[in-house]
Amino acid sequence: MGKAFMARLREEWPTIALLVVCYGGWAVATTWLAALWLPLGVVAAGVFAALHSSLSHEILHGHPTGNDKINEALVFPALSLFVPYQRFRDTHLAHHRDEFLTDPYDDPESNYMDPTVWRRLPGWVRRILLMNNTLSGRMVIGPVVSQVVFLQGDWRLIRAGVRGVLRAWLWHIPAVALVLWWIVAVSEMPVWAYVISAYIAISILKIRTFLEHRAHEKARGRTVIIEDRGLLALLFLNNNFHVVHHMHPKVPWYRLPGLYRARRAHYLERNDGYRYASYAEIFARHFLRSKDPVPHPLWPKR
């Protein structure tokens, strides 16, 4: 391999090391821990599957090798089962068009809805979405809500012949099959228990995405800073410094806190003071209370 490639690997050793820890921890969780006590194995496997999703996010931004095919191979097994990597990649990169952040149509990761569409929904659907707008609801029913919406959207795209969507789902089949082979042939965990692990993984990730973006007239004021350096920040690979990530999407995860510390006032001015001190503060304020309405509060009235 070329010198530049090897130099890149030496520079990005934290990501490579974390990939090893992730797969190793997941293997231990699904075998030894599951045999020791199944609930412990289920929760641990869910945590490592969540970490794998965070690493997949790092991969789609070009880490650790700079070679897309090698990078994608590093996260090929679909530990969290439900979302094809290539669809995650494509929708997330579309989400990085900051001028469209929170747009109900053009931001694929927006949790806001066109107020006109909201008014037309049946009452029972609105009640589910209102529950989903609290942190507790997002963690408990959020994985189901987002998966239903995601599948409906991708089915429409497949029927419309949008290039790449069907291919992503076809590539997802062997990625899931590899994980299920391990669960059936090697692990000490039944398939139903691992499905719960995958659900736990997505539930954990919903903590990160719950308030990453807010409705704001200016695009620069829509992205949060959460000044947390605890376990959740590590699990999310410092994406709690989210405005720093959006401004520097090619910067690896382990450099984001340093960038923020060096220019804290700059970033807080940049995002118009959209800041939380920690995830503990978010749990205290929003576990049972919504942060935002479901219909976009700044959407043009029609």
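Quick note: structure is the one above.
Rules and cut-offs
Residues numbered from 1 in each chain as written. Predicted model: local features only at pLDDT ≥ 70, side-chain atom pairs only at ≥ 80, totals over all residues. Heavy atoms only, no water. Core = buried A, V, L, I, M, F, W, Y, C linked by side-chain atoms within 4.5 Å. Buried < 20%, exposed > 50% of the residue type's maximum accessible area, 1.4 Å probe, protein only. Helix = DSSP H or I, 4+ residues; strand = E, 2+ residues; numbered from the N terminus. Salt bridge = Lys/Arg side-chain N within 4 Å of Asp/Glu carboxyl O. Axes fitted to C-alpha atoms, helices over the stretch in contact; angles between N-to-C directions. Parallel < 35°, antiparallel > 145°, perpendicular 65-115°, else oblique. Left-handed = near helix turned anticlockwise from the far one by under 90°. Contact = heavy atoms within 4.5 Å. Nonpolar A, V, L, I, M, F, W, Y, C, P; charged D, E, K, R; others polar. Phe/Tyr/Trp six-rings, centres within 6.5 Å; stacked < 30°, edge-to-face > 60°. Patch = residues over 30% accessible without salt bridge, like charges linked within 9 Å, V, L, I, M, F, W, Y side chains within 5 Å. Areas by Shrake-Rupley, 256 points an atom, 1.4 Å probe, with all protein chains shown as cover.

Novice: Explain the nonpolar core residue by residue, including any values.
Specialist: The biggest cluster of nonpolar side chains holds 47 residues, and the ones touching the most others in it are Y194, L211 and I282. Take this core: its biggest share by element is nine residues, from helix 3 (residues 38–60). Core analysis: the next-biggest nonpolar cluster, separate from the first, contains eight residues, I225, F241, Y260 and L268 among them.

Novice: Go over the pattern of salt bridges, please, and point to the residues and values.
Specialist: For side chains bearing opposite charge, pairing can occur when the charged atoms are close. On inspection of all chains with the given rule, the structure shows ten salt bridges. In this structure, the salt-bridge partner of R8 is E12, at a minimum N-O distance of 3.1 Å. Here D154 ties to R87 by a salt bridge, and the two come within 2.8 Å at their closest N and O atoms. On the criterion of sequence distance, the pair formed by D154 in helix 9 (residues 142–159) and R87 in helix 5 (residues 85–95) is long-range, its members being 67 residues apart. Taking the relative accessible area as the measure of exposure, D154 reaches 3% and is therefore buried. Under the relative-accessibility criterion, R87 is labelled buried at 7%. When salt bridges that share partners are traced, they join E72, R89 and D90 into one network.

Novice: Account for the packing of helix 3 against helix 11 (residues 191–209), with residues named and values stated.
Specialist: It is at 7 Å that the axes of helix 3 and helix 11 come closest, and there the two elements cross at 50 degrees. Taken together, the axes of helix 3 and helix 11 are oblique relative to one another. Viewed along their axes, helix 3 and helix 11 form a crossing whose handedness is right-handed. Facing helix 3, whose interface residues are L38, G41, V42, V43, A45, G46, V47, A49, A50, S53 and S54, helix 11 presents W192, A193, Y194, I196, S197, I200, A201, I204 and L205. Broken down by class, the residue content of the contact of helix 3 with helix 11 amounts to 15 nonpolar, five polar and no charged.

Novice: How would you summarise the packing of aromatic side chains if you had to cite specific residues and measurements?
Specialist: Using the criterion set out here, one finds eleven aromatic pairs in the structure. On the numbers, 6.2 Å between centres and 70 degrees between planes, the contact of Y274 with Y276 is edge-to-face. We note that Y274, like Y276, is buried. Members of the aromatic cluster, joined through ring pairs, are W26, W182 and Y194.

Novice: Summarise unusual backbone geometry; cite the residues concerned and give the values.
Specialist: In this model, H63 is joined to P64 through a cis peptide bond whose omega is 0 degrees. Phi angles above zero are rare outside glycine, and T102 is one such case at about 75 degrees. Secondary-structure assignment places T102 in the loop between helix 5 and helix 6 (115–120). One non-glycine residue, D272, adopts positive backbone phi at about 60 degrees. The residue D272 is located in the loop between helix 15 (264–270) and strand 2 (275–276) in this model. Residue D272 is classed as partly exposed on the basis of its relative accessible area of 44%.

Novice: Explain the packing of helix 9 against helix 10 (residues 165–185) to me, using residue names and the numbers behind them.
Specialist: Between helix 9 and helix 10, the shortest axis-to-axis distance is 9 Å and the interhelical angle comes to 125 degrees. The orientation of helix 9 relative to helix 10 falls into the category oblique. Across the interface between the two elements, Q147, F150, L151, D154, L157 and I158 of helix 9 pack against V165, L166 and W169 of helix 10. Residues belonging to the contact of helix 9 with helix 10 are distributed by class as follows: seven nonpolar, one polar and one charged.

Novice: Tell me about a nonpolar patch on the surface, residues and numbers included.
Specialist: Nonpolar side chains collect at one region of the surface, where V28, W32, L36, W37 and L40 lie side by side and expose about 560 Å² of accessible area between them. Looking at which element gives the most residues to the nonpolar patch, the answer is helix 2 (residues 13–36), with three residues. By the secondary structure assignment, L40 is in helix 3.

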